[in-house]
Amino acid sequence: MSLIVQKYGGTSVGTVERIQAVAQRVKQTVEAGHSVVVVVSAMGKTTDGLVKLANDISKNPSRREMDMLLSTGEQVTIALLSMALQELSQPAVSLTGAQVGIVTEATHTRARILSIETERMQRHLQKGEVVVVAGFQGISSLTDFEITTLGRGGSDTSAVALAAALKADACEIYTDVPGILTADPRLVPDAQLMSEITSDEMLELASLGAKVLHPRAVEIARNYGVTLVVRSSWTDDPGTKVVSPQPQPRPLVGLEIAHPVDAVGFDTDQAKVAMLRIPDRPGIAARLFREIAQQELDVDLIIQSIHEGNSNDIAFTVTKPSLNRAEAVASAIAPALRSTSDPVAGEAEVMVERSIAKVSISGAGMIGRPGVAAQMFETLAAAGVNIEMISTSEVQVSCTIAESDCDRAISALCAAFDVNSSPSHLGTKTRTADDQTLPVRGAALDRNQAQLAIRQVPDRPGMAARLFRLLADHNISVDMIIQSQRCRWIDEVATRDIAFTVAQMDAEAARELLLQSKSEFGWGEVTVNTAIAKVSIVGVGMMGRPGVAAQMFEAIARDHINIHMIATSEIKVSCVVSEEEGVRALQAVHAAFGLSGSERIEVPA
Ligand code: ADP
Ligand code: ASP
Ligand code: MG
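**Student:** Looking at this structure, I do not really get the site of ligand 2. What am I missing?
**Tutor:** Taken together, Ser41, Ala42, Thr47, Glu74, Phe136, Arg152, Gly153, Gly154 and Ser155 form the complete shell of residues around ligand 2. Thr47 places a side-chain nitrogen or oxygen 2.8 Å from a nitrogen atom of ligand 2. A distance of 3.0 Å separates an oxygen atom of ligand 2 from a polar atom in the backbone of Ser155. Protein contacts shield 87% of the accessible area of ligand 2, which totals 260 Å² for the unbound molecule. Along the lines of polarity and charge, the residues of the shell around ligand 2 split into two nonpolar, five polar and two charged.

Printed below as a string of structure tokens:
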């Protein structure tokens, strides 16, 4: 007999009738011969309502009391669903996180799961009962029973973690859409269903704003090889399978925290082209990367930093043999890129660096753990390695450094992250002619980010490390870290600007911290912009395929939307635009990559 974990989200259990429909589906699963553990969310918008109540009483409520409050939502649903099952003569028992023994870190409101006791659930299952577990919650220890929650949207994570702990045959996430779509159908009505997606792609999409799955749920599925499906609560259609490679065996203790970095990689076949002082207006990035793509040159990292005055810097890396052609393209278009609004700025300047290397750390356990990137920067600083460019994705941090520092950097990183396997050569991916994978699988919009910029940060080894350690120690995760290419000399000290994005709810705390540290670190002005949106495209098929980034920039430029920041990783490209242009940019990009279908997806209220 197989064991299935089914999770039903808020909309799917939003009314009594819907809870009864869920009970029917669960009973059918039992009748088909399966043991079932059900995980549920709070009904409808209950959690939002509880947050509002708390905010009506306090601007800054205690995190402990928030957990006490928010965990009640799921407790209502487990009792009602168990009653509905019992009404159908299906034996069932409801259990809170504490009753199961879901043990988490002691970090209120964003706790990670450490371990899950399975005995009690197994006992009930053996009696033929359906076990109905409250999602999103746990306890910080088995002695003091402090209630914790996993972070908004965390019931998905509860479900996949239970499936891993119980070694279930499958974990099915039931929700209000037919599965994982090429974009959020509430924003892009002609989004299409995907029948399959890789866990790498889903990790990126989920952390870039596709809230259909909690990114940590994808991480657990990937680490433990859980069979994961996302399906509609309203139909019997098969939905979307999230496929993971065969994982290395890992222990179930320290479930969400063990070994955040699995691999250290490097690539010494890289060179950098930077264009400084290019005008800040729609279409510039599109034009540059279109011309590069026409030369069949594959660009790896691209970053565009915040503008200073009326101009931007863009830097990108190519393989060493492509450098001369890439430099020629950049130099050829530079004279045309004179900043009209800032004539003193003169024309764009092209800079190249021939001997750089890229080193990276990767592992799904980095998600939401800002200390990991900080530790990478600290390790490089301690080895005396200066970081030139930084690019981050949810599961990877890459830094470009001088080629001569590469060996030293790799051995320091392998030691720091306890990676014993030999570092992997990242190299350039070559594609076979019959490779049919679409370059882009999906697009996402994140409207919960804020952009911070720090001007004139002294350019010394260790600065990035200290900066990100400061934020990590306050549990602030940083995304899209970008150092400007332009160096400004202030009192004989070389300085650069650094820009990055953080979750909007962390923006004020981050600004305060940066201001408090201003004199200690010696940096200049700190600015915050919360009116931004981040548009991203994701697909493993974009590796080794020139022109994908150019196509995205062109789609955005055609709608006359200006790009503030660009950051890429191997399987994603993200652009920051202004908030009010976010949805339009998402729709433009979605259409440009041919992701639109002919059917409209209706999402029930
Ligand atoms: P649940 O309560 O079932 O957990 P959520 O609201 O958390 O549901 O997640 C489902 C919602 O995610 C959908 O209604 C949809 O608006 C949104 N969504 C965002 N991106 C995507 C995507 N790529 N595919 C499907 N749904 C998406
Ligand atoms: N009820 C929680 C929330 O709304 C957890 C979840 O639904 O996944 O965030
Ligand atoms: Mg959800």
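Don't stop here, the text continues.
**Student:** Help me understand helix H2 (residues 46-57) in this model?
**Tutor:** Because an α-helix completes one turn every 3.6 residues, residues spaced three or four positions apart along the sequence face the same direction. Its 12 residues give H2 an end-to-end C-alpha distance of 17 Å, which sits within 8% of 16 Å, the value for a rise of 1.5 Å per residue. Turning to H2, its buried residues are Thr47, Leu50 and Ala54. Here the buried residues of H2 occupy an arc of 60 degrees about the axis, which is enough to place them on one side. Exposed residues pointing more than 90 degrees away from the buried face of H2 are listed as Lys52, Leu53 and Asp56.

**Student:** How should I be thinking about the site of ligand 1 in this particular structure?
**Tutor:** The environment of ligand 1 is made up of 17 residues, and the closest members are Thr175, Asp176, Leu181, Asp184 and Arg186. The contact in question runs from an oxygen atom of ligand 1 to an N or O atom on the side chain of Arg186, over 2.6 Å. A distance of 3.3 Å separates an oxygen atom of ligand 1 from a polar atom in the side chain of Lys211. Protein coverage of the free-state accessible area of ligand 1, which is 570 Å², stands at 91%. Its residues assigned to classes, the shell around ligand 1 comprises eight nonpolar, four polar and five charged.

**Student:** Explain the environment of Arg545 to me, please; I cannot follow it from the model alone.
**Tutor:** Relative to the helices and strands, Arg545 is located in the loop between strand E26 (532-538) and helix H16 (548-558). Judged by relative accessible area, Arg545 falls into the partly exposed class, the value being 21%. In this structure the C-alpha to C-alpha distance between Arg545 and Ala293, which are 252 residues apart in sequence, comes to 9.0 Å. One polar contact links the side chain of Arg545 to the main-chain carbonyl oxygen of Gly541, over a distance of 2.9 Å.

**Student:** In this structure, what is going on with the packing of helix H6 (residues 155-165) against helix H8 (residues 215-224)? I would like to understand it.
**Tutor:** Angle between the axes and distance between the axes are the two parameters that describe a pair of packed helices. At a closest axis distance of 8 Å, the pairing of H6 and H8 adopts a crossing angle of 15 degrees. As far as their axial angle goes, H8 and H6 are roughly parallel. Here the hand of the crossing between H6 and H8 comes out left-handed. Listed contacts from H8 to Asp156, Thr157, Val160, Ala161 and Ala164 of H6 are Arg216, Ala217, Ile220, Ala221 and Tyr224.

**Student:** Looking at this model, I keep getting lost on the sheet that holds strand E9 (residues 170-175). Mind explaining?
**Tutor:** Strands pair in a sheet through their backbones, by hydrogen bonds, and they do so in one of two ways: parallel or antiparallel. In space, the eight strands of this open sheet follow the order E3-E6-E2-E1-E9-E11-E12-E10, with mixed pairing throughout. Edge positions in the open sheet fall to strand E3 (92-95) and strand E10 (196-198), since each of these has one partner strand only. Taking the axes of each pair of neighbouring strands and ignoring which way they run, one obtains an average angle of 20 degrees across the sheet. For strand E1 (residues 3-8) and strand E2 (residues 35-40), the ladder comprises six bridges, and the chain directions are parallel. The residue of E2 that forms the bridge with Val5 is Val37. Sitting on the sheet, helix H1 (residues 16-31) is in contact with E1, E2, strand E6 (130-134), E9 and strand E11 (228-232), with an inclination near 170 degrees to E1.

**Student:** What is the right way to look at the side chain of Ser578 in this model?
**Tutor:** Note that Ser578 resides in strand E28 (residues 572-578). Beyond its immediate chain neighbours, meaning those up to four positions away, Ser578 contacts Ala531, Ile532, Ala533 and His564.

**Student:** Just to check I follow, could you spell out the pattern of salt bridges for this structure?
**Tutor:** Should the charged atoms of two oppositely charged side chains come close, the side chains can pair. This model, assessed by the stated rule, comprises 32 salt bridges. Salt-bridge contacts for Asp506 lead to Arg110; the nearest nitrogen and oxygen are separated by 3.8 Å. Of the two residues, Asp506 is situated in helix H14 (residues 504-516) and Arg110 in the loop between strand E4 (102-104) and strand E5 (113-116); the sequence distance between them amounts to 396 residues. Residue Glu520 pairs with Arg466 through a salt bridge whose shortest N-O separation is 3.7 Å. Within this pair, whereas Glu520 is found in helix H15 (residues 518-521), its partner Arg466 is found in helix H13 (residues 463-473), the two being separated by 54 residues in sequence. The exposure class assigned to Glu520 is exposed, which follows from its relative accessible area of 57%.

**Student:** Even after reading the chapter, I still don't get the packing of H13 against H14, so can you show me in this structure?
**Tutor:** Packing of H13 against H14 brings their axes to within 10 Å, and their N-to-C directions diverge by 135 degrees. Our classification of the angle between H13 and H14 gives oblique. The crossing of H13 and H14 is right-handed. Contacts from Leu467, Leu470 and Leu471 in H13 reach Ala510, Leu513 and Leu514 in H14. Here the residues of the contact of H13 with H14 are counted per class, giving six nonpolar, no polar and no charged.

**Student:** Can you help me understand the packing of aromatic side chains in this one?
**Tutor:** Both the distance between ring centres and the angle between the ring planes are used here to describe each pair of aromatic rings. Across all of its chains, the model carries six aromatic pairs by this definition. Among the aromatic residues, those joined into a cluster by ring pairs are Phe289, Phe316 and Phe553. Between the NZ or CZ atom of Arg466 and the centre of the ring of Phe521, over which it lies, the distance is 4.3 Å.

**Student:** Even after reading the chapter, I still don't get helix H17 (residues 582-592), so can you show me in this structure?
**Tutor:** Buried within H17 are the following residues: Gly582, Ala585, Leu586, Ala588, Val589 and His590. Among the structural elements, strand E20 (442-446), E26, H16 and E28 are those in contact with the buried residues of H17. Of the residues one or two after H17, Gly594 is the one with positive phi, at around 65 degrees.

**Student:** Where do I start with the environment of Ser233 in this structure?
**Tutor:** With respect to the secondary-structure elements, Ser233 resides in the loop between E11 and strand E12 (240-243). As for Ser233 and Ile147, which are separated by 86 residues in sequence, their C-alpha atoms are 29 Å apart. If we skip the residues at most four places from it in the chain, Ser233 touches Tyr8, Ser12, Arg25, Tyr174 and Thr175.

Rules and cut-offs
Residues numbered from 1 in each chain as written. Chains lettered and ligands numbered in written order. Predicted model: local features only at pLDDT ≥ 70, side-chain atom pairs only at ≥ 80, totals over all residues. Heavy atoms only, no water. Near = heavy atom within 4 Å. Polar contact = N/O pair within 3.5 Å; in protein donor to acceptor, adjacent residues only side chain to side chain. Areas by Shrake-Rupley, 256 points an atom, 1.4 Å probe, with all protein chains shown as cover. Nonpolar A, V, L, I, M, F, W, Y, C, P; charged D, E, K, R; others polar. Helix = DSSP H or I, 4+ residues; strand = E, 2+ residues; numbered from the N terminus. Expected span 1.5 Å × (residues − 1). Buried < 20%, exposed > 50% of the residue type's maximum accessible area, 1.4 Å probe, protein only. Arc of directions from axis to C-beta. Axes fitted to C-alpha atoms, helices over the stretch in contact; angles between N-to-C directions. Parallel < 35°, antiparallel > 145°, perpendicular 65-115°, else oblique. Left-handed = near helix turned anticlockwise from the far one by under 90°. Contact = heavy atoms within 4.5 Å. Pairing = 2+ DSSP bridges. Salt bridge = Lys/Arg side-chain N within 4 Å of Asp/Glu carboxyl O. Phe/Tyr/Trp six-rings, centres within 6.5 Å; stacked < 30°, edge-to-face > 60°. Lys NZ or Arg CZ within 6 Å of the ring centre and 35° of its normal.

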